[in-house]
Amino acid sequence: MKNGVNGVALAVFIFFFLAVTVMGFVASRWRRAENADSLDEWGLGGRSFGTWVTWFLLGGDLYTAYTFVAVPAAVYAGGAAGFFAVPYTILCYPLVFTFLPRLWSVAHKHGYVTSSDFVRGRFGSKGLSLALALTGILATMPYIALQLVGIQAVLDVMGVGGGANANWFVKDLPLLIAFGVLAAYTYSSGLRAPALIAFVKDALIYIVIIVAIIYIPVKLGGFEHIFAKAGHAFAAENPATGKPRGSLVTAPQAQWAYATLALGSAMALFLYPHSVTAVLSSRSRNVIRRNTTILPLYSLMLGLLAMLGFMAIAADVKVKNGQLAIPQLFADVFPDWFTGVAFAAIGIGALVPAAIMSIAAANLFTRNIYKDFLRPDASPAQEAKVSKIASLLVKVGALAFVLTMDKTVAINFQLLGGIWILQTVPALVGGLFTRWCHRWALLAGWAAGMTYGTWRAYDTPSATQDHFGNTNLIPFIGEKGYIGLTAFALNVLVVIVATFVLRAVKAPDGVDQTKPSDYTADAGDPGVRTELPPATAGAPAGH
Amino acid sequence: MSEPPEGNRKPVVTIPLVVAGVCLAIPFAAMLWVGSYSRVEPAFIGIPFFYWYQMLWVVISTLLTVVAYTIVRRHERTVRAHRGGEEQ
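Residues numbered from 1 in each chain as written. Chains lettered and ligands numbered in written order. Predicted model: local features only at pLDDT ≥ 70, side-chain atom pairs only at ≥ 80, totals over all residues.

The name recorded for chain B in an unreviewed UniProt entry is Membrane protein implicated in regulation of membrane protease activity, from Streptomyces olivoverticillatus.

Chain A is annotated in an unreviewed UniProt entry as SSS family solute:Na+ symporter from Streptomyces olivoverticillatus. Listed under Sequence similarities (unreviewed entry) in UniProt, the entry text for chain A is "Belongs to the sodium:solute symporter (SSF) (TC 2.A.21) family." (UniProt positions renumbered as here; feature names shortened; annotations may be inferred.)

### Re the overall build of chain A
Along the backbone of chain A there are 21 helices and two strands. Pairs at least 24 apart in sequence give 83% of the contacts found in chain A among residues at least 6 apart. (Helix = DSSP H or I, 4+ residues; strand = E, 2+ residues; numbered from the N terminus. Contact = placed C-beta atoms within 7 Å.)

### Things to note about the overall build of chain B
Looking only at helices and strands, chain B features two helices and zero strands. Among the 88 residues that make up chain B, the fraction classed as buried is 23%. For chain B, long-range pairs separated by at least 24 residues make up 58% of all intrachain contacts whose partners lie at least 6 apart in sequence. (Buried ≥ 20, exposed ≤ 12 C-beta atoms within 10 Å, placed from the backbone.)

### Remarks on the UniProt feature "transmembrane region" (unreviewed entry) in chain B
Per the UniProt entry, the sites bearing "transmembrane region" (unreviewed entry) are residues 12-34 and 54-72 of chain B in this numbering. Span residues 54-72 of chain B is 100% helix and 0% strand, its end C-alpha atoms 26 Å apart.

### Quick word on helix α14 (residues 296-314) of chain A
Residue and element names in this part refer to chain A. An ideal rise of 1.5 Å per residue puts 27 Å on 19 residues; α14 measures up with 28 Å between its terminal C-alpha atoms. Among the 19 residues of α14, 16 are classified as buried, and the element is accordingly described as predominantly covered. Within two residues after α14, Asp-316 carries a phi angle of roughly 60°, on the positive side. (Expected span 1.5 Å × (residues − 1).)

### Remarks on the confidence of the model for chain B
Residue and element names in this part refer to chain B. In the predicted model, chain B carries a mean pLDDT of 81, and 81% of its residues have values of at least 70. When the criterion is pLDDT under 50, residues 1-8 qualifies, and its contacts beyond four places in sequence or with other chains add up to eleven contacts. For this predicted complex, the interface confidence reaches an ipTM of 0.82, while the overall pTM sits at 0.85. (pLDDT = per-residue confidence, 0-100.)

### Quick word on the interface of chain A and chain B
If you look at the interface, chain A gives 37 residues, while chain B gives 35 residues. Of all the secondary-structure elements, those providing two or more residues to the side of chain A that touches chain B are α5 (85-110), α10 (222-235), α11 (255-269), α13 (285-294) and α14 of chain A. With eight residues, α5 of chain A is the single largest residue contributor to the side of chain A that touches chain B. Tallied by class, residues from the side of chain A that touches chain B come to 21 nonpolar, eleven polar and five charged. (Nonpolar A, V, L, I, M, F, W, Y, C, P; charged D, E, K, R; others polar.)

So, in structure tokens, the structure goes:
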């Protein structure tokens, strides 16, 4: 790292950070309902968000600071393989279009706050819902931790944090402050805080990327030159593996991996608790569908952003830690004040998803652990209270994770998180369309998928270490593919076989609370809860 | 897997709905067939085919989703109007 603090960049960064902090606290009054003491209000923003708020919220939620740092970093490190993020985000929207409106409808009809609530209602199984809730919480924690890694990368490059000689307190103080503030306004404003801040975050991100994608290539002598230089760099041998560092297009033997990573990640993305939370906070089915037609704008941006990885190579950015490649590129080529804007974009880009993720994890804990197992008679106000405290604990946990453990641990767990979340597909998505699967079969399939996925991932060396790679040979196909998807196939197989067996021995089937018409209900239908706050009560719901 | 019986309202699968389904399925065929776009030429303003082609598909798949959205919304409105008429 460079020595010394970049004063101008830091001043701009702090300015935006303060502005966002004020917004976070003011947000509690934004579109406030009369009775704010329930989980629907704190944890789902009153289920009142329209198309645009949902768009910003989901965009701020899914395309996180870590994404913005990690995707170009992957391209910087290996070229084409890192670009799978683009087909991944292309494929997730047709999937979302198909199943999430059904989840929205059934959740509104029955007042479900989390996806595990739905599973409990559909299959009448607290055990299955607990398994899925734990999977969600476990997968979300390292994800929050990675948001901190994003902020740390930016602070490092700005020279804040005192370098290697400072003691741990000085070093981590900026991070502690940022997270303390985040925790405070999430506690007081709930989901409304990240929804409001998402506007600033996305505006900044769009400005930075548009400027970067025009300004940097012009400065570096055009795309032709950039890719020529990158191609040259990738051909050079990696001393660790003895193979070329990367390639500009996927090699034939890497195509299965590319496709399965894209598909598997697309299937998992919207089952993360924080995605479900954002989706359920929207006010009608069509808000979700309409969002699948405007969210791809972020995918386009992600593609452009991935190109920055090549630009970092062409600009001769040399970093030991790949995560720093893009912040360093910005610091090298932009004037100081705009570097500050870019860093603020990344920093705030970490706060929004961290807030939503901690709310989502807290909702899971409150509804599917606290209420289901500890206090079945908890009142809505108690639920909101427990959730607020749980959101603090989740953040403290994530902070402890980052401060005490090596960064690669968070990255490994996030990778495992993707594999784990994929194992909730049969119960969740399957459950939205059919009740054929037996609840115990779903639990068995989940356990099989989790075990296989974790074991295989542990057994697979990655580019930089002996464990936690994400692609390995697929049995019976003999090509390398995404472990999560292989585990998912095993999961489905177990579910089908076990269902046949359990049905044959007439194992007791749980009670299904839902009716087929619940899955297509829309705002305004009889029995669907419309909880529009007074400010928007007159607005038409969705059409 | 078999669907549970739908009670009083059977879902109607119409030709437009099939078209919507096809629109949603096309991006999968295009993106999962990696061999079809895994090459450098033809480049566009210096960007290899591999990259600009996938970015182009962001736009194409969005348009396909818009078509599906229009079809599904129209379908739901008809069903709703129909159902409303029955109940009153």
